[in-house]
Amino acid sequence: LPRVQALRDSASALELEKESLIELIHSIQNSQDMRNISDGEREELIITAKRLMGRAVTVEVCVETIRSPQQASSLEQATNMIDDILKKVMDNLESGKKELVSLYGACSSDVPSGPVDQKFQSIIIGCAIEDQKKIKRRLETLIRNINSSEKSITLLENQKQKSADQQNKI
């Protein structure tokens, strides 16, 4: 039994590592620093990042979670709630981020710093412990990605404003 648990733990760690690598490659591809390097270096980095991403996504690690029918239903409801918010994020980044943060607060065992979605909290409690951890990690990643998107948008807007200001001076 300890050997089986060690195997599950190792596989779970590999799942996390894969997620981290994919997120890192994605953040490099979308980094503001990519705009500050030469065209040749940028092209080389883009090709390398695509190749690495292509290889990373071919790795499949799957640790099955044993669920009761109620836990499976709770997982489906939680996943659907997150997916519904993600559909709205493209229309309103800030509003979507607030909703995701309130879902994240519902997953936290600590006293949350912001609002908590009570409905989501009651659903998440019905999920298997492994699923609760995965949902919390997914929300963390989504919020981080939105934060980096917001920074990129702000930087682009600032660059456009500077360009417009410079053209107005001419």
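Data block above holds the structure.
Residues numbered from 1 in each chain as written. Predicted model: local features only at pLDDT ≥ 70, side-chain atom pairs only at ≥ 80, totals over all residues. Heavy atoms only, no water.

Draft legend 1. Fine view of the pattern of salt bridges. The full count for this structure, using the stated rule, is 9 salt bridges. Glu130 serves as the salt-bridge partner of Arg8, at 2.9 Å between the closest nitrogen and oxygen. You can see Arg8 sitting in helix H1 (residues 2-29) and its partner Glu130 sitting in helix H6 (residues 129-169), a full 122 residues away along the chain. The residue Arg67 makes a salt bridge to Asp131 at a minimum N-O spacing of 2.5 Å. With Arg67 in the loop between helix H2 (39-56) and helix H3 (69-89) and Asp131 in helix H6, this residue pair connects regions lying 64 residues apart in the sequence. A relative accessible area of 34% places Arg67 in the partly exposed class. (Salt bridge = Lys/Arg side-chain N within 4 Å of Asp/Glu carboxyl O. Helix = DSSP H or I, 4+ residues; strand = E, 2+ residues; numbered from the N terminus. Buried < 20%, exposed > 50% of the residue type's maximum accessible area, 1.4 Å probe, protein only.)

Draft legend 2. The packing of helix H4 (residues 93-107) against helix H5 (residues 118-125), seen in detail. Contact pair H4 / H5: the axes reach a minimum separation of 8 Å and the direction vectors enclose 45°. One way to sum up the angle between H4 and H5 is to call them oblique. Judged by the sense of rotation from one axis to the other, the crossing of H4 with H5 is right-handed. Only Phe120, Gln121 and Ile124 of H5 make contact with H4, whose side of the interface consists of Leu103, Ala106 and Cys107. (Axes fitted to C-alpha atoms, helices over the stretch in contact; angles between N-to-C directions. Parallel < 35°, antiparallel > 145°, perpendicular 65-115°, else oblique. Left-handed = near helix turned anticlockwise from the far one by under 90°. Contact = heavy atoms within 4.5 Å.)

Draft legend 3. Molecular detail of the state of the cysteines. Enumeration over the complete set of coordinates arrives at 0 disulfides. Not engaged in a disulfide, the cysteine Cys107 finds its nearest cysteine sulfur in Cys127; these two sulfurs lie 8.6 Å apart. (Disulfide = S-S within 2.5 Å.)

Draft legend 4. The arrangement of H4 in detail. Under the 1.5 Å per step criterion, the end-to-end length of H4 is 21 Å for 15 residues, consistent within 8% with the ideal 21 Å. Three or more residues of H4 are buried, namely Gly96, Lys97, Leu100, Ser102, Leu103, Gly105, Ala106 and Cys107. Of the residues that open H4, the one with a side-chain oxygen 3.3 Å from the backbone nitrogen of Glu94 is Asn92. (Expected span 1.5 Å × (residues − 1). Polar contact = N/O pair within 3.5 Å; in protein donor to acceptor, adjacent residues only side chain to side chain.)

Draft legend 5. Quick peek at a nonpolar patch on the surface. A cluster of nonpolar residues, Leu21, Leu24 and Ile28, forms a patch on the protein surface that exposes about 260 Å² of accessible area. Within the secondary structure, Ile28 sits in helix H1. (Patch = residues over 30% accessible without salt bridge, like charges linked within 9 Å, V, L, I, M, F, W, Y side chains within 5 Å. Areas by Shrake-Rupley, 256 points an atom, 1.4 Å probe, with all protein chains shown as cover.)

Draft legend 6. Expanded view of the nonpolar core. With 19 residues, the main nonpolar core has Ile82, Leu100, Leu103, Phe120, Ile135 and Leu139 as its most contacted residues. For this core, the secondary-structure elements that each account for two or more residues are H3, H4, H5 and H6. For this core, the leading source of residues is H3, giving 6 residues. Dropping the residues within four chain positions of it, Leu139 is found in contact with Ile82, Leu100, Leu103, Tyr104, Cys107 and Phe120. (Core = buried A, V, L, I, M, F, W, Y, C linked by side-chain atoms within 4.5 Å.)

Draft legend 7. Examining H5 more closely. Among all positions in H5, only Phe120, Ile123 and Ile124 are buried. Around the axis of H5, the buried residues are gathered within 95° of arc, so they sit on the same side. Of the exposed residues in H5, the ones pointing more than 90 degrees away from its buried face are Gln118, Ser122 and Ile125. (Arc of directions from axis to C-beta.)

Draft legend 8. Molecular detail of the packing of H3 against H4. Contact pair H3 / H4: the axes reach a minimum separation of 8 Å and the direction vectors enclose 160°. When the interaxial angle is binned, H3 and H4 end up roughly antiparallel. The crossing of H3 and H4 is left-handed. Contact residues: Met81, Ile82, Ile85, Leu86, Lys88 and Val89 in H3; Leu93, Gly96, Glu99, Leu100 and Leu103 in H4. Class assignment for the residues of the contact of H3 with H4 results in 8 nonpolar, 1 polar and 2 charged. (Nonpolar A, V, L, I, M, F, W, Y, C, P; charged D, E, K, R; others polar.)

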